[in-house]
Amino acid sequence: MRTIGFRLLRQLCIATNAHQMSHSPSTVIELLSIVSGIERKHELVADVTGEDFNIFRILGLENRENKHSAFLCELLNSKGSHGMKSRFLRTFVGMVSKITGSDFPETAWDEVLAVTEKHLGYVSENYLTGGKIDIALIPSKGGRRIFIENKIGAGDQQCQLVRYRNDGIDTCLLYLTLDGKDASPFSREHPEKAISLKSGIDYFCISYHRHILPWLEECKKESADRPLLRETIAQYINLVRHLTQTSMSHQMETEIDAVLL
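Cut-off values and rules
Residues numbered from 1 in each chain as written. Predicted model: local features only at pLDDT ≥ 70, side-chain atom pairs only at ≥ 80, totals over all residues. Heavy atoms only, no water. Buried < 20%, exposed > 50% of the residue type's maximum accessible area, 1.4 Å probe, protein only. Helix = DSSP H or I, 4+ residues; strand = E, 2+ residues; numbered from the N terminus. Contact = heavy atoms within 4.5 Å. Polar contact = N/O pair within 3.5 Å; in protein donor to acceptor, adjacent residues only side chain to side chain. Phe/Tyr/Trp six-rings, centres within 6.5 Å; stacked < 30°, edge-to-face > 60°. Pairing = 2+ DSSP bridges. Axes fitted to C-alpha atoms, helices over the stretch in contact; angles between N-to-C directions. Parallel < 35°, antiparallel > 145°, perpendicular 65-115°, else oblique. Left-handed = near helix turned anticlockwise from the far one by under 90°. Nonpolar A, V, L, I, M, F, W, Y, C, P; charged D, E, K, R; others polar. Salt bridge = Lys/Arg side-chain N within 4 Å of Asp/Glu carboxyl O.

### Here we look at helix H8 (residues 208-222)
Then, number 1: Listed as buried for H8 are Tyr208, His211, Ile212, Leu213, Trp215, Leu216 and Cys219.
Then, number 2: On its buried side, H8 packs onto helix H4 (65-76), helix H5 (87-100), strand S3 (146-150), strand S4 (172-177), strand S7 (204-207) and helix H9 (227-243).

Dropping the structure here:
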């Protein structure tokens, strides 16, 4: 029996004792047999697809926000090494336009300055200005900028979104997390100045699960004739699915939980 099987057997035994129920040995054996079958099915799929091999996880980059920002920024760079020019960028901007209800003229995105850790100056003593934007998209021909605050593991900084909002009222400010959760008051409020930013108005919450994954899938489709690029994006999609608990292994656990329930 696999490790997960032992873990789930222990859960079953705890549940059984907790509810003072009695299960015959044949019932437990039957459950473990079903669990083993589910595990074997998913292990076979993983072997065939190579899902367990992921270069990003092997290199220990899965929880390093700056590395995620660097990869996303490279895809969004119209002069990036991917050679796709502004195709990925336009798909992303189109998605942002639908989320925010804002208009981003296409001519402004023929070329774009895409940078990570864009310095807005040192954080001021009153926490009204300064900081570093994780990803900044700045049209070279002028137009509305897009700032992305990327959160995977790190917590919010004091008045962080307030400071970024103050850098340009017309800037489209995105708050990116794994699940689309809202920014904390610590980041979006400035009590002394009575400033309180509103989600959906002053900034927009997006997620890796609902927004970045579909966009990456589109990028992969557009890269169909470029094997190295396509498979690198596929590897990153696999990583994001792991982080958002939508990978094959998480689907397996969901199936097993349903059996035990």
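### Description of the side chain of asparagine 238
Then, number 1: Tracing the backbone through its elements, the reader meets asparagine 238 in helix H9.
Then, number 2: Asparagine 238 sits in the buried class, given a relative accessible area of 15%.
Then, number 3: Separated by 3.2 Å, the side chains of asparagine 238 and asparagine 54 make a polar contact.

### Here we look at the packing of aromatic side chains
Any pair of aromatic rings gets described here by the distance separating the centres and the angle formed by the planes.
Then, number 1: Within this structure, the stated rule accounts for 4 aromatic pairs.
Then, number 2: Geometrically, the ring pair formed by phenylalanine 56 and tyrosine 236 is edge-to-face, given 5.5 Å between the ring centres and 70° between the ring planes. Of this pair, phenylalanine 56 sits in helix H3 (residues 55-58) while tyrosine 236 sits in helix H9, and the two are 180 residues apart along the sequence.
Then, number 3: According to the relative accessible area criterion, phenylalanine 56 is buried, its value standing at 13%.
Then, number 4: Tyrosine 236 gets classed as buried once you look at its relative accessible area, which sits at 1%.

### Considering the pairing of strand S2 (residues 132-139)
Then, number 1: Across the 8 residues of S2, 7 count as buried, placing the element largely inside the fold.
Then, number 2: Sheet topology note: the strand S1 (residues 112-119)/S2 ladder contains 7 bridges and is antiparallel. The residue of S2 that forms the bridge with valine 112 is proline 139.
Then, number 3: Where S2 meets S3, 3 bridges bridge the pair, whose relative direction is antiparallel. Bridge assignment links leucine 137 to a residue of S3, and that residue is isoleucine 146.
Then, number 4: Connecting S2 to the next strand, S3, in antiparallel fashion are 6 residues, including glycine 142 with a positive phi near 90°.

### A closer look at the packing of H4 against H9
Then, number 1: Between H4 and H9, the shortest axis-to-axis distance is 13 Å and the interhelical angle comes to 135°. Between H4 and H9, the angle is such that the two are oblique. Along this stretch, H4 crosses H9, giving a crossing that reads as left-handed. The residues of H9 that touch H4, namely those facing His68, Phe71, Leu72 and Leu75, are Thr232, Ile233, Tyr236, Leu239 and Leu243.
Then, number 2: Along the lines of polarity and charge, the residues of the contact of H4 with H9 split into 7 nonpolar, 2 polar and no charged.

### Quick look at the pattern of salt bridges
Then, number 1: According to the stated counting rule, one finds 11 salt bridges in the structure shown.
Then, number 2: Residues glutamate 222 and arginine 87 are paired through a salt bridge, measuring 3.9 Å at the closest nitrogen-oxygen approach. Here arginine 87 lies in helix H5 and glutamate 222 lies in helix H8, a separation of 135 residues in the sequence.
Then, number 3: Residue classification places glutamate 222 among the partly exposed residues on the basis of a relative accessible area of 21%.
Then, number 4: Of the residues examined, arginine 87 reaches a relative accessible area of 42% and is grouped as partly exposed.

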